[in-house]
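# Secondary and tertiary structure notes
Here's the letter readout for the chains.
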Amino acid sequence: MEKYKDKTLPVEERIADLISKMTLEEKVRQIDQYSASDITYEDKETGLIKADYEKLKIMGDNPYGVVQLRNSNAKAYNDIQRYAIENTRLGIPILCCEEALHGYCKEGATVFPQQIALGCTFDPTLGEEMGAAIAREARACGIQETWNPVCDLAREPRWGRTEENFGEDTYLSSKFAYHIVKGLQGDDISRHDKVASELKHYTGYGIPIGGLNCAPAAIGKHEMYEYCQPVFEAAVKDAGAYNVMCSYSSIDSQPVPSDKELLTEVLRDQWGMRGFVRSDMCAISMLNCDHNVAETREEAIKMALEAGTDVQLYDFPHDFYQETIMDYVSKGLMSMETLDL
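Quantities reported herein were computed from a predicted structural model and do not represent experimental measurements.

### Thoughts on helix 8 (residues 221–238)
With 18 residues, helix 8 should cover 26 Å at 1.5 Å per step; its first-to-last C-alpha distance of 22 Å lies more than 12% under that length. Along helix 8, the positions that sit buried rather than exposed are Lys 221, Met 224, Cys 228, Gln 229, Val 231, Phe 232, Ala 234, Ala 235 and Val 236. Tucked inside the fold, the buried residues of helix 8 contact helix 7 (170–185), strand 7 (196–202), strand 8 (243–246), strand 9 (250–251) and helix 9 (260–270). Where helix 8 terminates, the next one or two residues include Gly 240, which has phi positive at roughly 85°.

### Some points on the environment of Leu 90
Within the fold, Leu 90 resides in the loop between helix 4 (74–87) and strand 5 (95–99). Spatially, the C-alpha atoms of Leu 90 and Asp 61 are 8.1 Å apart, while their sequence positions differ by 29 residues. Contacts of Leu 90, omitting those with residues within four sequence positions, involve Tyr 4, Lys 5, Leu 18, Lys 21, Met 22 and Glu 26.

### Some details on the nonpolar core
Here is a general trend for soluble globular proteins: nonpolar side chains tend to be buried in one another's company. Of all hydrophobic cores here, the largest spans 35 residues; its most connected members are Ile 39, Val 67, Leu 69, Ile 94, Tyr 104 and Ile 134. Broken down by secondary-structure element, the contributors of at least two residues to this core are strand 3 (49–51), helix 4, helix 6 (124–140) and helix 7. Not counting residues within four places of it along the chain, the set of residues in contact with Ile 39 comprises Lys 50, Ala 51, Asp 52, Lys 55, Leu 56, Tyr 64, Val 67, Leu 69 and Ile 80.

### Focus: the pairing of strand 7
Burial analysis of strand 7 places 7 of its 7 residues in the buried class, which makes it a mostly covered element. In this sheet, strand 8 lies alongside strand 7 in parallel orientation, the contact comprising 3 bridges. In the strand pairing of strand 8, Tyr 202 is matched with Cys 246. Taking the sense of rotation as the criterion, the β-α-β connection linking strand 7, helix 8 and strand 8 turns out right-handed.

Thresholds applied
Residues numbered from 1 in each chain as written. Predicted model: local features only at pLDDT ≥ 70, side-chain atom pairs only at ≥ 80, totals over all residues. Heavy atoms only, no water. Helix = DSSP H or I, 4+ residues; strand = E, 2+ residues; numbered from the N terminus. Expected span 1.5 Å × (residues − 1). Buried < 20%, exposed > 50% of the residue type's maximum accessible area, 1.4 Å probe, protein only. Contact = heavy atoms within 4.5 Å. Core = buried A, V, L, I, M, F, W, Y, C linked by side-chain atoms within 4.5 Å. Pairing = 2+ DSSP bridges. Right-handed = clockwise from strand over helix to strand, strands pointing away.

Coordinates in, geometry out; function isn't part of it.
Take a look at the structure:
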């Protein structure tokens, strides 16, 4: 048996063995985000999504890394994973994820109060109960990672996403973030009723200039560390949240998706985050077209990866994203270590 398939070995040893066997193309495919429409179809009679084997064949022997498996169900998930494991070179399963801010995002799932209403209860243990319920429903449909909770502070009332936050208070938000992550993940995410948590939106996202979504944050680094960071620290360092979604924000003219201090030195080195950073939708491309810190789209990809943004979220077409990274690595303009870390 290959080491990476041996469940009796330490996870770190299995990962190191798997990475040593992967080609550059396989590594790059793992850090790209696909959608449910890339591998499924909707049955018009039942309304259920089902595995689309013709679409799955397009993967070849290199499975997709992560898929936002909207409207998932257990059979579709099992069929997809069986295909990925049995028909690809290394048999790497697909990570299936979905939104779950105030309930798993699927028709028929429980709809809980928005986070601002939950925060008004001043009872963080309710957040843990909610997180546990979301995890049960999501995992029953084959979802392994959910994008929640939102850890931003609602400090700008004109911002159109204030309802997604627990409120303006750092302490209260930290407590709710901690308990929701504990409810989602428990002590073992391999359990049949637990999922990995991906926090949103790291960091400073809830204080945009003029209340405009995606605008630069109206806050400096000192205030960010004082007020915003403790919420994420409680969720990552204390509760053990696996993953983080980085925000569109720029703080003191430094866009978060290209901020190595925040994404690598703080998240990984100081807080010990175990998973990865996913860009918010198109946050990487904004380094070129909005923040104007990258002269080209290719440079934006390189800048984000080297800072610690590991997975794109529909920023670029799959071929462009993957070929750009392979081109940079093959020409020695980006190290293979950037992909391996």
